Amino acid sequence: KVTREDDGSFIVDRETDAGTETIKLKPTTTAPAIITCDLRLNTPRYPTMPNIMKAKKKPVEVISLEDMVNELGLSMEQIISPRNEVVEVYEPPPRKEGELVGCVEELLE
């Protein structure tokens, strides 16, 4: 469970082997925090057929990039300029060749 406090900090409850641990992440911390979740967090809600049919009839609003940038109060330069730096790009090592066997018994030996 993640809760945001009024001072900008986050209260995080996490499951451990010993039980539930509660951590407070302060906004003044210089190191970034990564909060992830477990697959068991939510149960998916599947749409019903009537709701799918209603969704098909609803109009889709198209917003231009310029309008979105203005609404957020940013400049186009802030949006377009990259925030990450690529340090290294490399190919993974090649895979080993497979081995052909004549039958299942030979594979089990």
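Residues numbered from 1 in each chain as written. Predicted model: local features only at pLDDT ≥ 70, side-chain atom pairs only at ≥ 80, totals over all residues. Heavy atoms only, no water.

K.L.:
Whenever I open this one, the overall build of the protein chain confuses me. Can you help?
P.N.:
A tally of regular secondary structure across the protein chain gives four helices and three strands. Counting from the amino terminus, helix and strand elements in the protein chain follow one another as β-β-β-α-α-α-α. Seen along its three principal axes, the alpha-carbon backbone of the protein chain occupies a region of about 65 × 45 × 40 Å. Here the protein chain holds 109 residues, and the buried ones make up 4% of them. Taking the contacts inside the protein chain whose residues are at least 6 apart along the sequence as the reference set, 4% of them involve residues at least 24 apart. Carbon and sulfur atoms make up 55% of the accessible area of the protein chain, which totals about 11,600 Å². Here the protein chain carries 14 positive and 21 negative side-chain charges, and the mean point of each set is 12 Å from the other. (Helix = DSSP H or I, 4+ residues; strand = E, 2+ residues; numbered from the N terminus. Buried < 20%, exposed > 50% of the residue type's maximum accessible area, 1.4 Å probe, protein only. Contact = heavy atoms within 4.5 Å. Areas by Shrake-Rupley, 256 points an atom, 1.4 Å probe, with all protein chains shown as cover. Lys, Arg positive; Asp, Glu negative; His and termini not counted. Charge placed at Lys NZ, Arg CZ, Asp CG, Glu CD.)

K.L.:
Honestly, the pairing of strand β2 (residues 10–16) in this entry has me stumped. Any pointers?
P.N.:
The side chains of a regular strand alternate between both faces of the sheet. As paired elements, strand β1 (residues 2–4) and β2 share three bridges and run antiparallel to each other. Each bridged residue has a counterpart across the sheet, and for R4 the counterpart in β2 is F10. Where β1 hands over to β2, the hairpin turn is made up of five residues, of which G8 adopts a positive phi near 95°. The pairing of β2 with strand β3 (residues 19–25) spans seven bridges and is classified as antiparallel. For R14, the partnering residue across the bridge sits in β3 and is E21. Between the antiparallel neighbours β2 and β3 lie two residues. (Pairing = 2+ DSSP bridges.)

K.L.:
Help me understand the sheet that holds β2 in this model?
P.N.:
Strand-to-strand pairing in sheets goes through backbone hydrogen bonds, with the strands running parallel or antiparallel. Strand order in the open sheet made by the three strands is β1-β2-β3, with antiparallel pairing throughout. Of all the strands in the sheet, the pair left with one neighbour each is β1 and β3. Here the average twist between neighbouring strands, direction ignored, is 20°. (Axes fitted to C-alpha atoms, helices over the stretch in contact; angles between N-to-C directions.)

K.L.:
Can you help me understand the environment of C103 in this one?
P.N.:
Counting through the fold element by element, C103 comes out in the loop between α3 (76–80) and α4 (104–108). When its relative accessible area of 37% is taken as the criterion, C103 is described as partly exposed. For C103 and E91, which are 12 residues apart along the polypeptide, the C-alpha to C-alpha distance reads 35 Å.

K.L.:
Help me understand the confidence of the model for the protein chain in this model?
P.N.:
Any residue range with low pLDDT should be treated as having predicted coordinates unsuitable for detailed reading. Counting all residues, the mean pLDDT for the protein chain is 84, and 95% of those residues have values of 70 or more. When the elements of the protein chain are averaged for pLDDT, α4 gives the smallest value, 83, and helix α1 (residues 49–57) the largest, 94. (pLDDT = per-residue confidence, 0-100.)

K.L.:
Help me understand a nonpolar patch on the surface in this model?
P.N.:
A grouping of I63, L65, M68, L72, L74, I79 and I80 is seen on the molecular surface, where their side chains present a nonpolar patch of about 630 Å² in accessible area. Listing elements by their share of the nonpolar patch, those giving two or more residues are α2 (65–72) and α3. Ranked by the residues each element gives to the nonpolar patch, the list is headed by α2, at three residues. With respect to the helices and strands, L74 occurs in the loop between α2 and α3. (Patch = residues over 30% accessible without salt bridge, like charges linked within 9 Å, V, L, I, M, F, W, Y side chains within 5 Å. Salt bridge = Lys/Arg side-chain N within 4 Å of Asp/Glu carboxyl O.)

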